Every structure is written in structure tokens, then in C-alpha cells.
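# Breakdown of the fold
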Amino acid sequence: MVTGCLLKAQLIDKMTTYEIAKRLKVFKRKEIQCSRPGNQRRHNIGNAIVTIDPSSASSPYPSANGNAVQFFGCGAEVSQTDFLKILNTMEESQIERFFFWVSPNPQRDEIVTWLLDKGFKPFQGTQYPTLIRPVEEVAPHATNLRVERVPRLEIENRADAIRQIYNPWNCSFFFDSVNLSEFEHFLAYENHAPVSAAILGIHGNTAYLGWAATSEEHRGKGGQNALIKARLNRAAELGCQIACSETLTMLKTSLRNLERNGFEIIYEKQVFVWES
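Here's what I pulled together on the structure shown here. This one's a predicted model, so the numbers in the text were calculated from it and none came from an experiment. (Residues numbered from 1 in each chain as written. Predicted model: local features only at pLDDT ≥ 70, side-chain atom pairs only at ≥ 80, totals over all residues. Heavy atoms only, no water.)

Attention now goes to the pattern of salt bridges. By the definition in use, this model includes 15 salt bridges. Close ionic contact of Glu 156 with Arg 152 constitutes a salt bridge, the shortest N to O distance being 2.7 Å. Here Arg 152 and Glu 156 lie together in helix H5 (residues 152-157), a separation of four residues that amounts to about one turn. Between Glu 237 and Arg 234 there is a salt bridge, with its nearest N and O atoms 3.0 Å apart. Linking Glu 237 with Arg 234, this pair stays in helix H8 (residues 223-237), spanning three residues, or about one helical turn. On the basis of relative accessibility, which here comes to 12%, the residue Arg 234 falls in the buried class. When salt bridges with common partners are traced through the structure, they connect Arg 149, Glu 184, Arg 234 and Glu 237 into a single cluster. (Salt bridge = Lys/Arg side-chain N within 4 Å of Asp/Glu carboxyl O. Helix = DSSP H or I, 4+ residues; strand = E, 2+ residues; numbered from the N terminus. Buried < 20%, exposed > 50% of the residue type's maximum accessible area, 1.4 Å probe, protein only.)

Right under this line is the structure:
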């Protein structure tokens, strides 16, 4: 008899990187729709997620710049007309720097050609790997920290501590997503104080492990490994079969923790930058 774990591994083997990208697009769209907009505007052009945020346009880093095009070509065939419409939208918004994230899709090579022909440059910096693994129950991580799945009231009561965990990064999504059934929130405590945080996203049979952070003074205590395993066990409880996560290669500890917990890189997003 083939075990459940082997069946899940075989399911992953049959999945294309295109399918993984389409699933991640669902989580990204929910994240963007949920986050506090501020000055950010959102567009759906050529089935891509296009965001415009003039307040972050000066950032030279893709992760910190809210002027972006993501998942172009993922889920629907796109044309050069769609591509030019995106460029015109950025130009009309007077955006002088934005990033074009290219995830796996059937037109990937074609899209890259369009980008290079228009003067986009490959981003010369950290890489952005996507990782997956089968979902199965795992042993909790050995740590003195206590991990809990937390409700809205606990998040509201611990708001200051959660902000400190994510400092200096924006953590508004942790608070904004508490009413969405697709997302569950986890905290790791030292004694009674939250020191690490993370979110589990669920869509169909896919779990997404993201939005993880640990306050600087509490790093190295096992918080992230404990949160990874707790979320995997929750995903198994909910019947998920595949777990996905994303990180940056410059975040060596984050990448190492994911790989230590059975995640493997399935692809790296290509990032291109436009600077007028």
C-alpha cells in the first residue's frame, strides 16, 4: 500500500512550477486586497497584479518598493498589448522606478524578451526562492518557547509586542488579516511575552507559510523552527497536501530553517527593474 506521505510526494512531483505560481498568486492577491492601502493603487492588467505606491518609489530594493508587477502570464495568456498597457500605467503615474517580478509561466521566455527590449535590467541583488514540501504531521521543535495559534483578541491585546517583533518592517497585514478565514495567526512566547510571529494561509489543499519574524533580541531561540512545525501540523490537521513558502537568499537563517524542515527550492523568481 502506498503511504499518504508518498502519495503527497508524488502529487508534488506531478505539479509544474506554473501550477505553484498560480497558487501563490491567490495568496498574494488576498494579501494586497487586505493590506491598508495608504497611497497605494491596484490594477489588474493582463491578469497581473499591478501595484502603484509613489511613497515607496525611491527604494532600490524589490521587496520594499510597492511599485511592482507580479504574476504576469500566470493563469492566462498575455499579449504585448497587455505589457505596453502596464508600462503606460506606470508612466502615467509618474513612477520612475518599478520592479517586474517574473514567476514561472508558459510565456516566461517571451515576457523576458519584451522586458529586455524595453530596457529593463535584471535586478542585481538577492534572489527570491520559492520552496515547497509535502504536508505531514511532524514532531514539535524542541525549544523553551511556547507556540500557540492565537485569536483576534490576543492579537489586539498583544499589538505593541507584535509590532516590536516585526520592527522595522510593516506588520499591518498581521492585524488586517485577522478577520479572513483563509489566514491563521501564530505567536511564540518566552514566558508570557510574544517573541516570534507568523501566519498560515490556506487555499484548497495548499498551505502557505509566510509573514514570519522574530524580535532581534530573541533570535536563535528556536522561534522560527517552532512556528514552521506548528503551522505544518495545523496544515495537516486541515487536510492540506502541499506547503509553500518564500524567502530571500540574503536571509540565510530563514532559508536554512525552511530547508532544515524539509522544504526544497522549486524555482527562483526573476526580477527586473525599470528606472527612467
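Of all hydrophobic cores here, the largest spans 31 residues; its most connected members are Leu 24, Ile 162, Tyr 166, Phe 174, Leu 187, Trp 211 and Cys 244. Broken down by secondary-structure element, the contributors of at least two residues to this core are helix H2 (17-34), helix H6 (159-166), helix H7 (172-176), strand S8 (183-190), strand S9 (193-203), strand S10 (206-214) and strand S11 (242-246). Counting residues per element, this core draws most heavily on H2, at six residues. Ranked by size, the runner-up nonpolar core spans 22 residues in total, among them Leu 131, Leu 145, Ala 243 and Phe 263. (Core = buried A, V, L, I, M, F, W, Y, C linked by side-chain atoms within 4.5 Å.)

Two elements in contact, H8 and helix H9 (residues 252-260), have axes separated by 10 Å at closest approach and are oriented at 40°. Regarding the angle of H8 to H9, the classification is oblique. Along this stretch, H8 crosses H9, giving a crossing that reads as right-handed. Listed contacts from H9 to Gln 224, Asn 225 and Ile 228 of H8 are Asn 257, Leu 258 and Arg 260. Of the residues assigned to the contact of H8 with H9, the class counts are two nonpolar, three polar and one charged. (Axes fitted to C-alpha atoms, helices over the stretch in contact; angles between N-to-C directions. Parallel < 35°, antiparallel > 145°, perpendicular 65-115°, else oblique. Left-handed = near helix turned anticlockwise from the far one by under 90°. Contact = heavy atoms within 4.5 Å. Nonpolar A, V, L, I, M, F, W, Y, C, P; charged D, E, K, R; others polar.)

Bringing the packing of aromatic side chains into the picture now. Applying the stated rule across the entire model yields 16 aromatic pairs. Measuring from centroid to centroid gives 5.5 Å for Phe 98 and Phe 120, while their planes differ by 80°, and the two rings are edge-to-face. In this pair, Phe 98 is assigned in strand S4 (residues 97-102) and Phe 120 in the loop between helix H4 (108-117) and strand S5 (121-122), connecting sequence segments 22 residues apart. Accessibility assignment for this pair places Phe 98 and Phe 120 in one class, buried. Ring plane angle 65° and centroid distance 4.7 Å describe the contact between Trp 101 and Tyr 128, whose orientation is recorded as edge-to-face. Here Trp 101 is found in strand S4, whereas its partner Tyr 128 is found in strand S6 (residues 128-134), with 27 residues between them in sequence. Ring pairing ties together the aromatic residues Phe 72, Phe 83, Phe 98, Phe 100, Trp 114, Phe 120 and Trp 274, which thus form one cluster. Directly above the aromatic system of Tyr 189 lies the positively charged group of Arg 146, at a separation of 4.4 Å from the ring centroid. When the ring centre of Phe 175 is taken as origin, the NZ or CZ atom of Arg 163, which lies over that ring, is 5.1 Å away. (Phe/Tyr/Trp six-rings, centres within 6.5 Å; stacked < 30°, edge-to-face > 60°. Lys NZ or Arg CZ within 6 Å of the ring centre and 35° of its normal.)

Attention now goes to the pairing of S4. Most of S4 sits out of view: six of its six residues are buried. Residues of S4 alternate between two faces, with Arg 97, Phe 99 and Trp 101 on one and Phe 98, Phe 100 and Val 102 on the opposite face, all of them buried. Pairing between strand S3 (residues 68-70) and S4: three bridges, direction parallel. Bridge pairing links Ala 68 to Phe 99 in S4. Handedness of the β-α-β unit built from S3, helix H3 (residues 80-92) and S4 comes out right-handed. (Pairing = 2+ DSSP bridges. Right-handed = clockwise from strand over helix to strand, strands pointing away.)

So, on to H4. If you check which residues of H4 are buried, you get Arg 108, Ile 111, Val 112, Trp 114 and Leu 115. In an axial view of H4, the angular spread of the buried residues amounts to 155°, which keeps them on one side of the axis. Looking at H4, the residues exposed on the side facing more than 90 degrees away from the buried face are Asp 109 and Asp 117. (Arc of directions from axis to C-beta.)

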